[in-house]
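Summary of the model geometry
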Amino acid sequence: MNDFIGVNPSVSLQRASNFGHLSLIPPLNLVASTVLCVGILLTTLSTEASPPRRQADRVSAQVLQPGDIVFTDSEAAVLKLDTLTGQTAPIAAGGALVRPCGIAVGADHTIYVADTGCMAIIAIDPDSAQSTVLASGEQLAVPFGIAINVDGEILVANARAILGINPADGRVRTVSAGGVLKAPLGVATAPSGELYVADAGGLVVRIDSTSGEQTIVSTGGNIITPVAIAIADQKTIYISDASARRIIQIDPRNGAQTVVSGEGALASPFGLAVWGKHDLLVGDPDAFDLAGGIIHIDLHSGEQTPMAIGSGNFVNYRCVAVVPDNPQP
(Lines give C-alpha, C1' and ligand atoms only; values in the text may rest on other atoms or scores of the structure.)
Protein backbone atom coordinates (compact mmCIF):
# COMPACT_ATOMS: atom_id res chain seq x y z
CA MET A 1 0.00 0.00 0.00
CA ASN A 2 1.11 3.53 -0.65
CA ASP A 3 2.52 4.94 2.59
CA PHE A 4 3.43 8.30 1.05
CA ILE A 5 -0.13 9.58 1.07
CA GLY A 6 0.76 12.38 3.46
CA VAL A 7 3.14 14.14 1.07
CA ASN A 8 0.87 13.89 -1.93
CA PRO A 9 -1.18 17.07 -2.31
CA SER A 10 -3.66 15.25 -4.54
CA VAL A 11 -4.83 12.52 -2.19
CA SER A 12 -7.60 12.18 0.30
CA LEU A 13 -6.53 11.88 3.93
CA GLN A 14 -9.53 9.81 4.91
CA ARG A 15 -7.51 6.60 4.65
CA ALA A 16 -4.25 7.97 6.04
CA SER A 17 -4.29 5.41 8.82
CA ASN A 18 -3.85 2.57 6.33
CA PHE A 19 -2.26 4.56 3.52
CA GLY A 20 -4.94 4.07 0.91
CA HIS A 21 -5.18 4.92 -2.76
CA LEU A 22 -4.94 8.24 -4.54
CA SER A 23 -8.01 10.36 -5.15
CA LEU A 24 -7.84 13.75 -6.79
CA ILE A 25 -8.75 16.99 -5.04
CA PRO A 26 -9.37 20.35 -6.70
CA PRO A 27 -6.17 21.70 -8.32
CA LEU A 28 -6.82 25.16 -6.90
CA ASN A 29 -6.06 23.79 -3.43
CA LEU A 30 -2.73 22.33 -4.51
CA VAL A 31 -0.28 24.56 -2.64
CA ALA A 32 -2.32 24.78 0.56
CA SER A 33 -2.88 21.03 0.54
CA THR A 34 0.81 20.39 0.02
CA VAL A 35 1.74 22.37 3.12
CA LEU A 36 -1.01 20.73 5.18
CA CYS A 37 -0.31 17.19 4.02
CA VAL A 38 3.44 17.43 4.47
CA GLY A 39 2.91 18.75 7.98
CA ILE A 40 0.56 15.87 8.78
CA LEU A 41 3.02 13.32 7.39
CA LEU A 42 6.02 14.65 9.27
CA THR A 43 4.06 14.84 12.51
CA THR A 44 2.77 11.31 12.04
CA LEU A 45 6.16 9.81 11.23
CA SER A 46 7.83 11.69 14.07
CA THR A 47 5.34 10.81 16.82
CA GLU A 48 3.68 7.59 15.75
CA ALA A 49 5.36 4.41 16.96
CA SER A 50 7.42 2.85 14.20
CA PRO A 51 6.69 -0.73 13.19
CA PRO A 52 8.39 -3.20 15.55
CA ARG A 53 11.98 -3.55 14.43
CA ARG A 54 12.54 -7.21 13.78
CA GLN A 55 15.87 -8.94 14.03
CA ALA A 56 17.85 -8.99 10.84
CA ASP A 57 16.89 -11.94 8.67
CA ARG A 58 19.63 -14.23 7.57
CA VAL A 59 20.30 -13.46 3.96
CA SER A 60 22.99 -14.59 1.61
CA ALA A 61 25.72 -12.16 0.59
CA GLN A 62 24.96 -10.62 -2.78
CA VAL A 63 27.76 -9.88 -5.20
CA LEU A 64 26.69 -6.80 -7.12
CA GLN A 65 27.64 -6.33 -10.73
CA PRO A 66 27.36 -3.18 -12.87
CA GLY A 67 23.83 -2.94 -14.23
CA ASP A 68 22.26 -4.97 -11.43
CA ILE A 69 18.93 -3.70 -10.14
CA VAL A 70 18.36 -3.14 -6.43
CA PHE A 71 15.24 -1.77 -4.78
CA THR A 72 13.55 -1.09 -1.47
CA ASP A 73 10.46 -2.67 -0.01
CA SER A 74 8.92 -0.68 2.82
CA GLU A 75 8.41 -3.92 4.71
CA ALA A 76 11.97 -3.50 6.04
CA ALA A 77 13.96 -4.93 3.14
CA VAL A 78 16.34 -4.18 0.30
CA LEU A 79 16.23 -6.65 -2.59
CA LYS A 80 18.13 -7.50 -5.74
CA LEU A 81 16.49 -8.39 -9.05
CA ASP A 82 18.13 -10.96 -11.30
CA THR A 83 17.32 -9.64 -14.77
CA LEU A 84 18.03 -13.01 -16.40
CA THR A 85 15.71 -15.13 -14.26
CA GLY A 86 13.33 -12.46 -12.99
CA GLN A 87 13.89 -13.74 -9.45
CA THR A 88 14.31 -11.42 -6.47
CA ALA A 89 16.41 -12.05 -3.38
CA PRO A 90 16.88 -10.02 -0.18
CA ILE A 91 20.17 -8.22 0.26
CA ALA A 92 19.23 -7.04 3.74
CA ALA A 93 16.06 -7.40 5.79
CA GLY A 94 15.12 -6.26 9.26
CA GLY A 95 17.87 -5.07 11.55
CA ALA A 96 18.32 -1.33 11.16
CA LEU A 97 15.75 -1.22 8.35
CA VAL A 98 12.20 -0.19 9.26
CA ARG A 99 10.53 1.50 6.28
CA PRO A 100 13.17 1.98 3.58
CA CYS A 101 12.35 4.38 0.76
CA GLY A 102 15.05 6.04 -1.37
CA ILE A 103 18.02 3.98 -2.51
CA ALA A 104 21.37 4.75 -4.15
CA VAL A 105 24.52 2.73 -4.78
CA GLY A 106 27.99 4.16 -4.27
CA ALA A 107 30.98 3.62 -6.51
CA ASP A 108 32.26 0.98 -4.07
CA HIS A 109 28.82 -0.72 -4.23
CA THR A 110 27.81 0.31 -0.72
CA ILE A 111 24.02 0.67 -0.74
CA TYR A 112 22.57 3.75 0.91
CA VAL A 113 18.94 3.82 1.97
CA ALA A 114 16.71 6.64 3.20
CA ASP A 115 14.47 5.05 5.84
CA THR A 116 11.27 6.94 6.67
CA GLY A 117 10.46 4.60 9.56
CA CYS A 118 13.57 5.06 11.68
CA MET A 119 14.26 8.47 10.06
CA ALA A 120 17.84 7.65 9.17
CA ILE A 121 20.26 7.11 6.31
CA ILE A 122 21.44 3.51 6.44
CA ALA A 123 24.56 2.08 4.79
CA ILE A 124 24.43 -1.57 3.70
CA ASP A 125 27.43 -3.72 2.85
CA PRO A 126 26.13 -6.14 0.17
CA ASP A 127 28.98 -8.57 0.85
CA SER A 128 27.95 -9.10 4.47
CA ALA A 129 24.33 -7.83 4.44
CA GLN A 130 25.21 -5.72 7.47
CA SER A 131 23.34 -2.43 7.83
CA THR A 132 24.64 0.57 9.76
CA VAL A 133 22.94 3.85 10.63
CA LEU A 134 25.05 6.54 8.98
CA ALA A 135 23.01 9.63 9.89
CA SER A 136 19.87 10.51 11.82
CA GLY A 137 18.56 13.30 13.99
CA GLU A 138 16.56 16.50 13.90
CA GLN A 139 18.37 18.05 10.94
CA LEU A 140 17.86 14.94 8.81
CA ALA A 141 14.17 14.70 9.78
CA VAL A 142 12.26 12.29 7.47
CA PRO A 143 14.40 11.35 4.46
CA PHE A 144 12.75 10.32 1.20
CA GLY A 145 14.75 10.59 -2.03
CA ILE A 146 18.49 9.99 -2.12
CA ALA A 147 21.31 10.35 -4.65
CA ILE A 148 25.12 10.36 -4.73
CA ASN A 149 27.14 13.06 -6.46
CA VAL A 150 30.44 12.70 -8.30
CA ASP A 151 32.37 13.40 -5.09
CA GLY A 152 30.58 10.62 -3.23
CA GLU A 153 28.47 12.95 -1.09
CA ILE A 154 24.99 11.63 -0.35
CA LEU A 155 22.16 14.01 -1.28
CA VAL A 156 18.84 13.69 0.51
CA ALA A 157 15.39 15.23 -0.02
CA ASN A 158 13.43 15.35 3.23
CA ALA A 159 10.24 17.19 2.18
CA ARG A 160 11.69 20.42 3.59
CA ALA A 161 15.17 20.82 2.14
CA ILE A 162 18.01 19.21 0.23
CA LEU A 163 20.76 17.95 2.51
CA GLY A 164 24.28 16.65 1.94
CA ILE A 165 25.75 13.82 4.03
CA ASN A 166 29.41 12.91 4.33
CA PRO A 167 29.60 9.12 3.81
CA ALA A 168 32.73 8.89 5.96
CA ASP A 169 31.35 10.33 9.19
CA GLY A 170 27.63 11.00 8.63
CA ARG A 171 27.90 14.77 9.05
CA VAL A 172 24.85 16.55 7.65
CA ARG A 173 24.81 19.92 5.90
CA THR A 174 22.00 21.92 4.32
CA VAL A 175 22.55 22.30 0.59
CA SER A 176 19.41 24.33 -0.12
CA ALA A 177 16.18 25.14 1.70
CA GLY A 178 13.27 27.54 1.50
CA GLY A 179 12.93 29.55 -1.68
CA VAL A 180 10.65 27.86 -4.19
CA LEU A 181 10.87 24.47 -2.50
CA LYS A 182 7.55 23.26 -1.07
CA ALA A 183 7.85 19.50 -0.56
CA PRO A 184 11.04 18.14 -2.15
CA LEU A 185 10.82 14.34 -2.31
CA GLY A 186 13.19 13.32 -5.10
CA VAL A 187 16.73 14.41 -5.90
CA ALA A 188 19.19 13.57 -8.68
CA THR A 189 22.66 14.85 -9.43
CA ALA A 190 23.98 15.73 -12.88
CA PRO A 191 27.58 15.11 -14.00
CA SER A 192 28.04 18.89 -13.98
CA GLY A 193 27.30 18.91 -10.25
CA GLU A 194 23.90 20.58 -10.49
CA LEU A 195 21.03 19.02 -8.57
CA TYR A 196 17.53 18.44 -9.85
CA VAL A 197 14.61 18.06 -7.48
CA ALA A 198 11.14 16.56 -7.83
CA ASP A 199 8.95 18.68 -5.57
CA ALA A 200 5.50 17.32 -4.69
CA GLY A 201 4.21 20.89 -4.77
CA GLY A 202 4.14 20.56 -8.56
CA LEU A 203 7.66 21.71 -9.44
CA VAL A 204 10.91 20.51 -10.92
CA VAL A 205 13.75 22.61 -9.51
CA ARG A 206 17.43 22.97 -10.38
CA ILE A 207 19.84 23.74 -7.53
CA ASP A 208 23.40 24.97 -7.73
CA SER A 209 25.19 22.56 -5.39
CA THR A 210 27.76 25.20 -4.38
CA SER A 211 25.59 28.25 -3.78
CA GLY A 212 22.24 26.54 -3.16
CA GLU A 213 20.59 28.86 -5.71
CA GLN A 214 17.26 27.53 -6.96
CA THR A 215 15.68 27.78 -10.40
CA ILE A 216 12.29 26.42 -11.44
CA VAL A 217 12.86 24.18 -14.45
CA SER A 218 9.29 23.17 -15.17
CA THR A 219 5.84 23.38 -13.58
CA GLY A 220 2.20 23.09 -14.63
CA GLY A 221 1.24 21.34 -17.83
CA ASN A 222 1.44 17.58 -17.28
CA ILE A 223 2.98 17.94 -13.83
CA ILE A 224 0.79 17.41 -10.76
CA THR A 225 2.75 15.63 -8.03
CA PRO A 226 6.34 14.78 -9.00
CA VAL A 227 7.87 12.47 -6.43
CA ALA A 228 11.05 11.06 -7.99
CA ILE A 229 13.55 12.16 -10.61
CA ALA A 230 16.28 10.62 -12.76
CA ILE A 231 18.82 12.17 -15.14
CA ALA A 232 19.70 10.67 -18.50
CA ASP A 233 21.91 13.45 -19.85
CA GLN A 234 22.26 17.24 -19.94
CA LYS A 235 19.12 17.63 -22.04
CA THR A 236 16.93 14.84 -20.65
CA ILE A 237 15.53 14.24 -17.19
CA TYR A 238 12.56 12.14 -16.11
CA ILE A 239 10.09 12.43 -13.26
CA SER A 240 7.49 10.06 -11.87
CA ASP A 241 4.17 11.71 -11.05
CA ALA A 242 2.19 9.73 -8.48
CA SER A 243 -1.11 11.60 -8.89
CA ALA A 244 -1.08 11.68 -12.68
CA ARG A 245 0.06 8.03 -12.95
CA ARG A 246 2.60 8.97 -15.57
CA ILE A 247 6.29 9.32 -16.34
CA ILE A 248 7.27 12.65 -17.84
CA GLN A 249 10.37 13.61 -19.79
CA ILE A 250 11.61 17.16 -19.24
CA ASP A 251 14.20 19.16 -21.14
CA PRO A 252 16.09 21.02 -18.38
CA ARG A 253 17.18 23.69 -20.86
CA ASN A 254 13.68 25.00 -21.52
CA GLY A 255 11.30 23.01 -19.31
CA ALA A 256 9.55 21.32 -22.23
CA GLN A 257 7.47 18.32 -21.13
CA THR A 258 6.71 15.05 -22.89
CA VAL A 259 4.64 12.22 -21.40
CA VAL A 260 6.71 9.06 -21.88
CA SER A 261 4.24 6.57 -20.45
CA GLY A 262 1.06 6.78 -18.41
CA GLU A 263 -1.56 4.77 -16.55
CA GLY A 264 -1.60 1.11 -17.61
CA ALA A 265 0.26 -0.79 -14.89
CA LEU A 266 1.18 2.48 -13.17
CA ALA A 267 -0.97 2.93 -10.06
CA SER A 268 1.09 5.32 -7.92
CA PRO A 269 4.56 5.38 -9.50
CA PHE A 270 7.29 6.41 -7.10
CA GLY A 271 10.89 5.21 -7.53
CA LEU A 272 12.58 5.93 -10.84
CA ALA A 273 15.90 4.97 -12.44
CA VAL A 274 17.48 5.13 -15.89
CA TRP A 275 18.45 1.64 -17.08
CA GLY A 276 20.70 1.59 -20.12
CA LYS A 277 20.19 4.11 -22.91
CA HIS A 278 16.56 3.53 -23.81
CA ASP A 279 14.84 2.23 -20.70
CA LEU A 280 13.44 3.32 -17.35
CA LEU A 281 12.64 1.37 -14.21
CA VAL A 282 9.73 2.42 -12.01
CA GLY A 283 8.97 1.26 -8.47
CA ASP A 284 5.23 1.28 -7.80
CA PRO A 285 3.89 0.09 -4.41
CA ASP A 286 0.27 -0.12 -5.59
CA ALA A 287 0.78 -1.78 -8.98
CA PHE A 288 -0.57 -5.22 -9.81
CA ASP A 289 -3.55 -5.15 -7.44
CA LEU A 290 -1.49 -3.78 -4.53
CA ALA A 291 1.20 -6.45 -4.82
CA GLY A 292 3.66 -3.72 -5.81
CA GLY A 293 6.20 -4.07 -8.54
CA ILE A 294 9.14 -2.91 -10.60
CA ILE A 295 8.01 -1.86 -14.08
CA HIS A 296 10.22 -1.54 -17.15
CA ILE A 297 9.35 1.28 -19.55
CA ASP A 298 10.63 1.29 -23.12
CA LEU A 299 11.43 4.92 -23.92
CA HIS A 300 10.88 4.41 -27.63
CA SER A 301 7.35 3.03 -27.37
CA GLY A 302 6.28 3.80 -23.81
CA GLU A 303 5.44 0.11 -23.40
CA GLN A 304 5.27 -1.10 -19.80
CA THR A 305 6.55 -4.55 -18.82
CA PRO A 306 6.56 -6.09 -15.33
CA MET A 307 10.10 -6.81 -14.13
CA ALA A 308 9.14 -7.99 -10.65
CA ILE A 309 5.85 -8.36 -8.77
CA GLY A 310 5.64 -8.40 -5.00
CA SER A 311 4.74 -11.58 -3.14
CA GLY A 312 4.95 -13.15 0.29
CA ASN A 313 6.44 -10.78 2.85
CA PHE A 314 7.46 -8.22 0.24
CA VAL A 315 4.54 -6.35 -1.34
CA ASN A 316 5.56 -2.72 -0.98
CA TYR A 317 8.19 -2.16 -3.65
CA ARG A 318 9.32 1.41 -3.40
CA CYS A 319 12.45 2.95 -4.96
CA VAL A 320 14.90 1.46 -7.42
CA ALA A 321 18.56 1.97 -8.36
CA VAL A 322 21.01 0.52 -10.87
CA VAL A 323 24.50 -0.51 -9.77
CA PRO A 324 27.04 1.87 -11.39
CA ASP A 325 29.73 0.61 -13.73
CA ASN A 326 32.64 2.41 -12.06
CA PRO A 327 33.43 0.40 -8.92
CA GLN A 328 36.37 1.45 -6.80
CA PRO A 329 39.15 -1.04 -6.06
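To be clear, the structure that these remarks concern was listed above.
Now for a look at the structure at hand.

Rules behind the numbers
For every chain, the first residue of the written sequence is number 1, and numbering continues from 1 along that sequence. pLDDT decides what is reported in this predicted model: residues at 70 or higher carry local features, side-chain atom pairs at 80 or more are listed and counted, and totals for whole chains, interfaces and linings draw on all residues regardless. Just so you know, side-chain values use all the structure's heavy atoms and leave hydrogens and water out. Segments assigned H or I by DSSP are reported as helices when at least four residues long, segments assigned E as strands when at least two residues long, and all are numbered from the N terminus. Residues are treated as being in contact if the distance between any of their heavy atoms lies within 4.5 Å. All accessible-area figures derive from a Shrake-Rupley calculation using a 1.4 Å probe, and residue coverage is judged against the displayed protein chains alone. Should DSSP find at least two bridges between two strands, the strands are regarded as paired. Only the stretch in contact is used when fitting a helix axis, every axis being a line fitted to C-alpha atoms; angles between N-to-C directions are given from 0 to 180 degrees. The salt bridge criterion pairs a side-chain nitrogen of Lys or Arg with a carboxyl oxygen of Asp or Glu, the two atoms within 4 Å. Using a 1.4 Å probe on the protein chains alone, a residue whose accessible area is under 20% of its type maximum counts as buried, one over 50% counts as exposed, and one in between counts as partly exposed.

Notes on the overall build of the protein
Counting secondary structure elements, the protein contains two helices and 24 strands. Restricting the contact set of the protein to residue pairs at least 6 apart, pairs at least 24 apart contribute 47%. As displayed, the protein offers around 13600 Å² of accessible surface, 49% of which is attributable to carbon and sulfur atoms.

Some thoughts on the sheet that holds strand β8 (residues 145-148)
One open sheet accounts for four strands, arranged β8-β9-β10-β11; its pairing is antiparallel. The open sheet has two edge strands with one neighbour each: β8 and β11 (172-177). If you compare each strand with its neighbour and ignore which way they point, the axes differ by 25 degrees on average. Bridging between strand β9 (residues 154-157) and strand β10 (residues 161-165) involves four bridges; their strand directions are antiparallel. Counterpart to leucine 155 in the pairing with β10 is glycine 164.

A closer look at the sheet that holds strand β12 (residues 184-189)
In space, the four strands of this open sheet follow the order β12-β13-β14-β15, with antiparallel pairing throughout. One side of each edge strand has no neighbouring strand; the edge strands of this open sheet are β12 and β15 (214-219). Averaged over neighbouring strand pairs, the angle between their axes works out to 25 degrees when direction is ignored. Here β12 pairs with strand β13 (residues 195-199) via five bridges, running antiparallel. Residue proline 184 lies in a different strand from β13, and its bridge partner there is aspartate 199.

Brief notes about the pattern of salt bridges
This model, assessed by the stated rule, comprises five salt bridges. Among the salt bridges present, the one from glutamate 153 reaches arginine 173, with a minimum N-O distance of 2.7 Å. One end of the pair, glutamate 153, is in the loop between β8 and β9; the other, arginine 173, is in strand β11, and 20 residues separate them in sequence. The class of arginine 173 is partly exposed, set by a relative accessible area of 36%. Here arginine 171 and aspartate 169 are joined by a salt bridge, their closest N and O atoms 2.7 Å apart. Relative accessible area serves as the criterion here: at 41%, aspartate 169 is assigned to the partly exposed category.

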